[in-house]
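What follows is the residue order along each chain.
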Amino acid sequence: QVQFVESGGGLVQSGGSLRLSCAASGSISTVSAMGWYRQVPGKQRELVAVINNIGITTYATSVKGRFTISRGNTKNTMYLQMNSLKPDDTAHYYCYLNLGRGREFWGQGNQVTVSS
């Protein structure tokens, strides 16, 4: 099993910044990718940003230029720096881990609320 420790969500005004953190532990062998997804009630979970095992990053079009995903110095940790936040960024953000061969895991998530 995989466990996550996530932090950094909260309430911020439009234009503000937040930083999400995620640390994964447990039965982790090879990590193919780590990242974040987000979801609002009534909508499908969507990819926000992901970084693969060789450092290649992928971002949702809506967050490009505003969000930055990075790996931490500690193994299986990562961060999501979110700048210029908009009310449309309001969602529950889930830490994501891909171990390959169809093995995907999500954390419990943190709420991010951006007020206008």
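Summarised in this report is the structure supplied together with it. Computed from a predicted model, the values in this text were never measured in an experiment.

## Some remarks on the pattern of salt bridges
Then comes step 1: Inspection of the entire model under this criterion finds three salt bridges.
Then comes step 2: Two residues, Glu46 and Arg38, come together in a salt bridge whose shortest N-O distance is 2.7 Å.
Then comes step 3: With relative accessibility at 36%, the residue Glu46 sits in the partly exposed group.
Then comes step 4: Look at Arg38 and you get buried, because its relative accessible area is 6%.
Then comes step 5: Between Arg38 and Asp89 there is a salt bridge, and its shortest N-O distance comes to 3.1 Å. Separated by 51 residues along the polypeptide, Arg38 in strand β4 (residues 33-39) and Asp89 in the loop between β8 (77-82) and β9 (91-98) bring together distant segments of the chain.
Then comes step 6: Here Asp89 falls in the buried class, since its relative accessible area comes to 2%.
Then comes step 7: Through salt bridges with shared partners, one network takes in Arg38, Glu46, Arg66 and Asp89.

Definitions and limits used
Residues numbered from 1 in each chain as written. Predicted model: local features only at pLDDT ≥ 70, side-chain atom pairs only at ≥ 80, totals over all residues. Heavy atoms only, no water. Salt bridge = Lys/Arg side-chain N within 4 Å of Asp/Glu carboxyl O. Buried < 20%, exposed > 50% of the residue type's maximum accessible area, 1.4 Å probe, protein only. Helix = DSSP H or I, 4+ residues; strand = E, 2+ residues; numbered from the N terminus.

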